[in-house]
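Descriptive analysis of the structure
Residues per chain are reported as follows:
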Amino acid sequence: MKSTDYSKMSDTDLLQKIDEEKTALAKMKFSHHVAGTENPMNLRARRRDIARMLTIINQRKKATN
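Below, the structure is looked at part by part. Computed from a prediction, not measured in an experiment: that's the story for all the values here. (Residues numbered from 1 in each chain as written. Predicted model: local features only at pLDDT ≥ 70, side-chain atom pairs only at ≥ 80, totals over all residues. Heavy atoms only, no water.)

Below, the discussion takes up a positive patch on the surface. Taken together, Lys29, Arg44, Arg47 and Arg48 make up a surface patch of like positive charges. Considering each element in turn, the positive patch owes the most residues, three residues, to helix α3 (residues 41-64). If you trace the backbone, Arg47 turns up in helix α3. Here Arg47 falls in the partly exposed class, since its relative accessible area comes to 44%. (Patch = residues over 30% accessible without salt bridge, like charges linked within 9 Å, V, L, I, M, F, W, Y side chains within 5 Å. Areas by Shrake-Rupley, 256 points an atom, 1.4 Å probe, with all protein chains shown as cover. Salt bridge = Lys/Arg side-chain N within 4 Å of Asp/Glu carboxyl O. Lys, Arg positive; Asp, Glu negative; His and termini not counted. Charge placed at Lys NZ, Arg CZ, Asp CG, Glu CD. Helix = DSSP H or I, 4+ residues; strand = E, 2+ residues; numbered from the N terminus. Buried < 20%, exposed > 50% of the residue type's maximum accessible area, 1.4 Å probe, protein only.)

Below, the structure written as structure tokens:
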């Protein structure tokens, strides 16, 4: 997803999505270390998506202060 899509989501939805993505990333990392993956760039994409969501949450917190 793009950051504009994430910015339309509420904070609670973003936090829930972050938790889901973090658990999925952990599973992907484990399976990558055990058997390898076809496309290791998926790990980077998922990590960057999590960072985008966290950035939006931080921007919202700073805007309210």
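Between helix α2 (residues 11-34) and α3, the least distance of the axes is 10 Å, while the angle of their chain directions is 155 degrees. Considering their axes alone, α2 and α3 lie roughly antiparallel with respect to each other. Crossing of α2 over α3 shows left-handed handedness. When α2 is examined against α3, the residues Asp11, Leu14, Leu15, Lys17, Ile18, Glu21, Lys22, Ala24, Leu25, Met28, Lys29 and His32 are found in contact with a partner set consisting of Asn42, Leu43, Arg46, Arg47, Ile50, Met53, Leu54, Ile56, Ile57 and Arg60. Residues that form the contact of α2 with α3 fall into these classes: twelve nonpolar, two polar and eight charged. (Axes fitted to C-alpha atoms, helices over the stretch in contact; angles between N-to-C directions. Parallel < 35°, antiparallel > 145°, perpendicular 65-115°, else oblique. Left-handed = near helix turned anticlockwise from the far one by under 90°. Contact = heavy atoms within 4.5 Å. Nonpolar A, V, L, I, M, F, W, Y, C, P; charged D, E, K, R; others polar.)

A few words on α2. Helix length check: α2 (24 residues) gives 35 Å between terminal C-alpha atoms against 34 Å at 1.5 Å per residue, within 8%. Summarising the contacts, the buried residues of α2 are in contact with α1 (3-7) and α3. Phi turns positive, to about 85 degrees, at Gly36, one or two residues after α2. (Expected span 1.5 Å × (residues − 1).)

In this structure the tally under the stated criterion is four salt bridges. Across the pair Glu21 and Arg46 runs a salt bridge, and its minimum N-O distance is 3.5 Å. Residue Glu21 is found in helix α2, and its partner Arg46 is found in helix α3; the two are separated by 25 residues along the sequence. Its salt-bridge partner being Asp49, residue Arg52 comes within 2.7 Å of it at the nearest N-O pair. Residue Arg52 and its partner Asp49 are both found in helix α3; the two are separated by three residues, about one turn of the helix. With relative accessibility at 34%, the residue Arg52 sits in the partly exposed group. For Asp49, a relative accessible area of 15% puts it in the buried group. Taken together, the shared-partner salt bridges connect Lys17, Glu21 and Arg46 into one network.

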